Every structure is written in structure tokens, then in C-alpha cells.
Amino acid sequence: MKTVTAEPRTGGSLGRKPQRWKVFKSQKYLYLMSFPFVIWVFVFQYLPLWGWTMAFQNYKPGKSFWQQKWVGLEHFEALFRDGHFYLVLRNTLAMSLMGLVAGFVFPVLFALLLNEVRVQAMKRFVQTVSYLPHFVSWVVAAGIVSKMLSTDGGVVNAILVQLGLIDQPVQFMAKGEMFWGIVTAADVWKETGWNAIIYLAAIAGIGPELYEAARVDGASRLKQMWHITLPGIRPTIVVLLIMSIGHLIGIGFEKQFLLGNHMVSDYSEVLDLYALNYGLSMGRYSFGTAINIFNSVISLLLLFIANGTFKKFTNESIM
């Protein structure tokens, strides 16, 4: 009778380790190339999280970490008791939602229309002109917007007066109820061309044979856009939308700070400006850190909620 001997198992952890080491050796140059970027992310993204401990202290500059007084959630309680915080949160969410909608509709629509331009010279010219404002700093862009909306020689007021829509120039920059729309329109003007680049790249990856088959079946260019182009770039739209939702309340403060003034402060102040004015400017470093922790936690929750929702209904996600 032949003796049956058991062969060594290679599917366990002992078998996986040599395989992982083999993969690492075969791709060692890729790992070495990525190493500096991993260090950069760790130093600038994860190491600063140590500073979050300030939110639970009554932080005093000049004292060591062990000399700080720990106060628990005191600064968070002060934040949620402050009525001005909810006004700032309203402004942040309003401008974020308006920017989210406009920041997706206009770049996608612009990319679709630009893709239909058949004259390549015209297409390149329009694309170049459209994304040039992205490279202009918000300091210059805010000056251009303010000058265009000015009552003294502003282009917008001049056109409206010439068309008979208004009798005299309107002080747009002094009307708080218009501030959200002004910021959204300025952001659309500045970023639409740049944001459309990634959609144009996604459109370029769609097989031309799909359009040829649609033309043979008699589909118009509008139907080709609706049934081929949009479904083809849907994964790109969903991924960018999820990432934008994750940054819904972290919209920065440059636009609001440069375009705002004391007459529209009730509509222009956002969370980052609130942290700057009531945290750093007043020396309340712990309070400012608490605001930023709230911002980060809410952004993380929104990211997971958006990712889970899209994964469930569209089978598209980033995680």
C-alpha cells in the first residue's frame, strides 16, 4: 500500500508572507518612489493632529504640554452655546450647497458643450481662455469682481441701466442677501474651465465606436450626449461629488474674506473666518482648535455618509 503524505499548506499566513515579500521585491522601485510622498503626507496631514489636544486644554503659549490645564469639553460647550456659531454655520452650509450644485452643473455642461465643438482650433482657444482664471489669485479675482459690480463705472450696473432693468446703479457689494450669489457666481467664473478638464479627459476615454453606432441608428447629437457621454463619465462625476460633499463645510475663507465687508458680515462669515476672528485673533487658541475639530469631524461623517449612499444606489464609491 502506498503511503499518503500530507503536503505543506501554503494558503496560511506563512505562505502569504513570502508572497508579499516577493511582490515588494518586484516593485521595490515603486515603493521607493512613493516613500517621499508618504513622509510628506505624514508630516503635514497626520503629525499636526497632535495639536488637537489644545481643544481639551486651556492652552497658554510658552508652557510645555504637561504644564497646560486640562478642561475637557469646556470649549466645545462654549462653542455650541454661542448663538453666533449657528449664524456662521448657516452661512457656511448655504454657500457650500450653492457652490456644490453650481460647481458640478456648470463644469459638466461646459465639458459636454465643448466636446461637441468640431473645430479644434476654436476648441483649444475656448478651453485655454476658460481655465486661465483658475491661475489668478483670489486677491486679484476679488478685485475684478468688486470693480465689475461697482456703482462707479461697473460693467454690470452699466449694462443693467442700458437695458432699462434698473433706474440707477445698485450697490451689490453692500446687500447681504446677494452675497451668497455673488460668491457662487465668482467661484463658477474662476473654476469652471479648470474643473471641466477632468470631465473632458473622461469623455476622451469613451470609445468612438459607441458614437458611430448611435449615428448609424439615427441618434441626434443631443441623444448621444444623454445616452453615451453622460453615462460614460458618471463614475467620474460620482467620485468627485463624494469628495466635494466631504469638504462641504470646509470651504475656506479667502472668497468670503476678500469679497465681504462689515455691511454684509452677517452673510459672509464662515466657520474658518469664525475660527480666525474668535480664536487666533483673540488669543483663544483652544477655542479655535475646537472649531476646526468640529469642522473635520463633520466633514468625515459627510464623506462616509455620501460614500455609503452612492455605493448603495449607484454601485460607485471611493472606498
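Residues numbered from 1 in each chain as written. Predicted model: local features only at pLDDT ≥ 70, side-chain atom pairs only at ≥ 80, totals over all residues. Heavy atoms only, no water.

**Things to note about the nonpolar core**
Judged by nonpolar contacts, the single largest core of 24 residues is most densely connected at Val108, Ala111, Tyr199, Ile203, Ile233 and Ile237. Within the residue set of this core, elements represented by two or more residues are α4 (83-115), α8 (176-204), α9 (208-216), α10 (221-232), α11 (234-246) and α15 (285-314). Here this core takes six residues from α4, the largest share from any one element. Setting aside anything within four residues of it in sequence, one finds alanine 111 in contact with Ala196, Tyr199, Leu200 and Ile203. By size, the runner-up hydrophobic cluster in this structure holds 20 residues, among which are Trp138, Ala141, Val145 and Phe172. (Core = buried A, V, L, I, M, F, W, Y, C linked by side-chain atoms within 4.5 Å. Buried < 20%, exposed > 50% of the residue type's maximum accessible area, 1.4 Å probe, protein only. Helix = DSSP H or I, 4+ residues; strand = E, 2+ residues; numbered from the N terminus. Contact = heavy atoms within 4.5 Å.)

**Remarks on the packing of helix α14 (residues 271-280) against α15**
Two numbers describe how α14 lies on α15: the axes approach to 7 Å, and their chain directions differ by 165°. Considering the angle they form, α14 stands roughly antiparallel to α15. Considering only the axes of α14 and α15, their crossing is right-handed. Facing α14, whose interface residues are Leu271, Asp272, Tyr274, Ala275, Tyr278, Gly279 and Leu280, α15 presents Tyr285, Phe287, Gly288, Ile291, Asn292, Phe294 and Asn295. Here the contact of α14 with α15 is built from residues that sort into nine nonpolar, four polar and one charged. (Axes fitted to C-alpha atoms, helices over the stretch in contact; angles between N-to-C directions. Parallel < 35°, antiparallel > 145°, perpendicular 65-115°, else oblique. Left-handed = near helix turned anticlockwise from the far one by under 90°. Nonpolar A, V, L, I, M, F, W, Y, C, P; charged D, E, K, R; others polar.)

**Quick word on the environment of tyrosine 59**
Inspection of the secondary structure puts tyrosine 59 in the loop between β1 (57-58) and β2 (69-70). Residue tyrosine 59 is classed as partly exposed on the basis of its relative accessible area, which comes to 26%. Through-space distance from the C-alpha of tyrosine 59 to that of tyrosine 285 is 6.6 Å; in sequence the pair is 226 residues apart. Look past the residues within four positions of tyrosine 59 in its chain and what remains in contact with it is Met54, Gln68, Tyr285 and Ser286.

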